[in-house]
Structure formats: structure tokens, C-alpha cells
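# Analysis of the macromolecular model
If you want the building blocks of each chain, they are given just below.
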Amino acid sequence: MNNKKTTIMKKHSIIIAAATIITIVSSTIVVLGMQSIILQTALGQSNSSNVGSATNTTQSNNKDFWIKTVHLDGFANLKGIPTGPDPAPPEKFPNSTIPAGGGVKLTPPDKTGAWKFRVFTFEPSQIVVNQDDKVTLHFADVQGAHYTITVDGVGTFPMSRGQIHTISFPADKVGIIKYWSPDHMPSMVGQIVVLSKTG
């Protein structure tokens, strides 16, 4: 009788051990597969992107990006903002030197004490592609009445609010391709990092 119980217990232990091993191996395969997708994403090996990172793991050489032109605003008041969705304590007007170029603006306090700090930028401001990819950039002007954008080695074009301007070019040289607005320097600058296709 004891031998039967021992045999049954050994069989159960073997089944449990086998199930545990299968679970561990399956989990490892899933994790490694996810890490591979994440690595491909980080290296820009996807087909498209909205924010400069990959979302599709196909090996297409066509890279499509949407770049929004925006500005970030900070609002403050010498007297504070006591009510509303974002109450704030009083903030003194900064004694800062603002860089020339129109990309950074500091508006002095009005008669109510309100002042504003604005910075123009691209979103995303960095894109990663591989050498010999065909890169397509769709510039969408969200927050700028009118200005100019330059993509080094590709061209310069005007933009107005609500307009979308699309350009395509081969990323044939390893290095950095800068895109920028001469009207909003030094903050409105982005770059395309072109990685060697051999790694």
C-alpha cells in the first residue's frame, strides 16, 4: 500500500515538475519575442511612426513620420492665480536673458500681473532611421501663423497654420539630418539620426 502511494506521489511530482518546466520555457519564449520587438522598435526598423518611435516590425525601407509644429506655454501671475482649474501662488517675473531668434518668448506682465513664457518646438524632435531607408516627413503646422522650415540637404519651404507639407528623400548617408525653423531659433530644431545599415 505504501509503495502504491509513493508511486502515485512520484507520478504527481513528475507531472507538476513537467508543467512547471513547460510554463517557464513558454514564458521565456514570450519575453524574448517581446524583447526582439522592442529592440527593433528602438532601432527604427518599423514601417511607421507618430512620435519618432517604431510601431510596426515589418522590414520595409519606407519610413513615414508626422511632425507637428507646436509651442509650449507657461502662464504665471505676479499676484498668483487664486481660482480656476490650475490655482498657483504668486510668481515674480524672471530676470532672464532670452536667446535671440524668435524661438523663445517672454511676455512682460500686463496690468493684471499676468505674464507668459513660450517655447516653439517640433514633436517629435528626433527620428531614427536606417541608411537607404526612404524617409517621408509630413510637417503639420498646429501653432504658428506663418514661418519657414528647412530640412538640410533637402530643401526649404513656407508653412502656415492648418497646412501639411510632405517631403520624401533617401537617407543615403549615415549621420544627422537637421530640420529647423530659421524663424524660431534656437528651440525649433529637430534631427533625423541615420544609422548604418550594417549596424
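Every residue gets a number counted from 1 within its own chain, in the order that chain's sequence is written. Where totals are concerned, whole chains, interfaces and linings use all residues; where local detail is concerned, this predicted model gives features only for residues with pLDDT of at least 70, and gives and counts side-chain atom pairs only at 80 or more. Side-chain measures here rest on the full set of heavy atoms in the structure, leaving out hydrogens and waters.

## Quick word on unusual backbone geometry
Geometrically, the link from Glu 123 to Pro 124 is a cis peptide bond, its omega value of 5° lying close to zero. The secondary structure listing takes helices from DSSP runs of H or I that are at least 4 residues long and strands from runs of E that are at least 2 residues long, numbered from the N terminus. Relative to the assigned elements, Pro 124 resides in the loop between strand 4 (114-123) and strand 5 (126-130). In this model, Met 185 is joined to Pro 186 through a cis peptide bond whose omega is 0°. Tracing the backbone through its elements, the reader meets Pro 186 in the loop between strand 10 (175-180) and strand 11 (189-195). The backbone phi angle of Asp 132 is positive, close to 75°, even though this residue is not glycine. When accessible area is computed with a 1.4 Å probe and restricted to protein chains, residues below 20% of their type maximum are described as buried, those above 50% as exposed, and intermediate ones as partly exposed. Classification of Asp 132 as partly exposed rests on a relative accessible area of 36%.

## Re the nonpolar core
If you look at the biggest cluster of nonpolar residues, it comprises 22 residues, and the most contacted ones within it are Leu 137, Phe 139 and Ile 192. Among all residues touching Leu 137, those that are not within four sequence positions of it are Phe 65, Ile 67, Ile 127, His 165, Thr 166, Ile 167, Phe 169 and Ile 192. Side-chain atoms within 4.5 Å are what join buried Ala, Val, Leu, Ile, Met, Phe, Trp, Tyr and Cys residues into a set we call a nonpolar core. We call two residues in contact whenever any of their non-hydrogen atoms come within 4.5 Å of each other.

## Some thoughts on the packing of aromatic side chains
Stacked, tilted and edge-to-face pairs are distinguished by plane angle, under 30 degrees for stacked and over 60 for edge-to-face with tilted covering the rest, among Phe, Tyr and Trp rings (Trp via its six-membered ring) whose centres lie within 6.5 Å. A full pass over the atoms with the stated rule returns five aromatic pairs. With a centroid separation of 5.5 Å and 85° between ring planes, the pair formed by Phe 93 and Trp 115 is classed as edge-to-face. With Phe 93 in the loop between strand 2 (62-77) and strand 3 (104-107) and Trp 115 in strand 4, this pair connects stretches of sequence that are 22 residues apart. Residue Trp 115 is classed as buried on the basis of its relative accessible area, which comes to 10%.

## What about the sheet that holds strand 5?
Strands belonging to one sheet form pairs held by backbone hydrogen bonds; the direction of such a pair is parallel or antiparallel. Only strands joined by at least two bridges in the DSSP assignment are considered to pair. Spatially, five strands are ordered 5-11-10-7-8 in an open sheet, and the strand pairing comes out mixed. The strands lining the two open edges of the sheet, one partner per strand, are strand 5 and strand 8 (155-160). Taking each pair of neighbouring strands and ignoring which way they run, the sheet shows an average axis angle of 20°. Across six bridges, the pairing between strand 7 (residues 146-151) and strand 8 is antiparallel. When the sheet's bridge partners are listed, Thr 150 is paired in strand 8 with Thr 156. As a rule, the C-alpha atoms of each element are fitted with a line to give its axis, helices using only the stretch in contact, and angles between N-to-C directions run from 0 to 180 degrees.

## Some details on the side chain of His 184
Locating His 184 in the fold gives a position in the loop between strand 10 and strand 11. Residue contacts for His 184: discarding those within four places in its chain leaves Gly 101, Gly 102, Gly 103, Phe 120 and Tyr 147.

## What about the side chain of Thr 150?
Relative to the elements of secondary structure, Thr 150 occurs in strand 7. Taking relative accessible area as the criterion, Thr 150 reaches 10% and is therefore assigned buried. With residues up to four places along the chain from it excluded, the contact list for Thr 150 reads Gly 155, Thr 156, Lys 178, Tyr 179, Trp 180 and Pro 182.

## Notes on the pairing of strand 5
Buried residues dominate strand 5, accounting for four of its five residues. When strand 5 meets strand 11, the two strands line up parallel, connected through five bridges. Bridge assignment links Gln 126 to a residue of strand 11, and that residue is Gln 191.

## Details of the confidence of the model for the protein
Confidence scores labelled pLDDT are given residue by residue by the predictor and lie between 0 and 100. Residue-level pLDDT values for the protein average 80, and 70% of them are 70 or greater. pLDDT under 50 marks residues 17-58. Its contacts with residues more than four places away, or in other chains, come to 45 contacts.

## So, the environment of Ala 140
Mapped onto the elements, Ala 140 comes out in strand 6 (residues 134-141). Distance from Ala 140 to Trp 66, taken between C-alpha atoms, is 7.2 Å for residues 74 residues apart in sequence. Dropping the residues within four chain positions of it, Ala 140 is found in contact with Trp 66, Ile 67, Lys 68, Thr 69, Met 159, Gln 163 and Ile 164.

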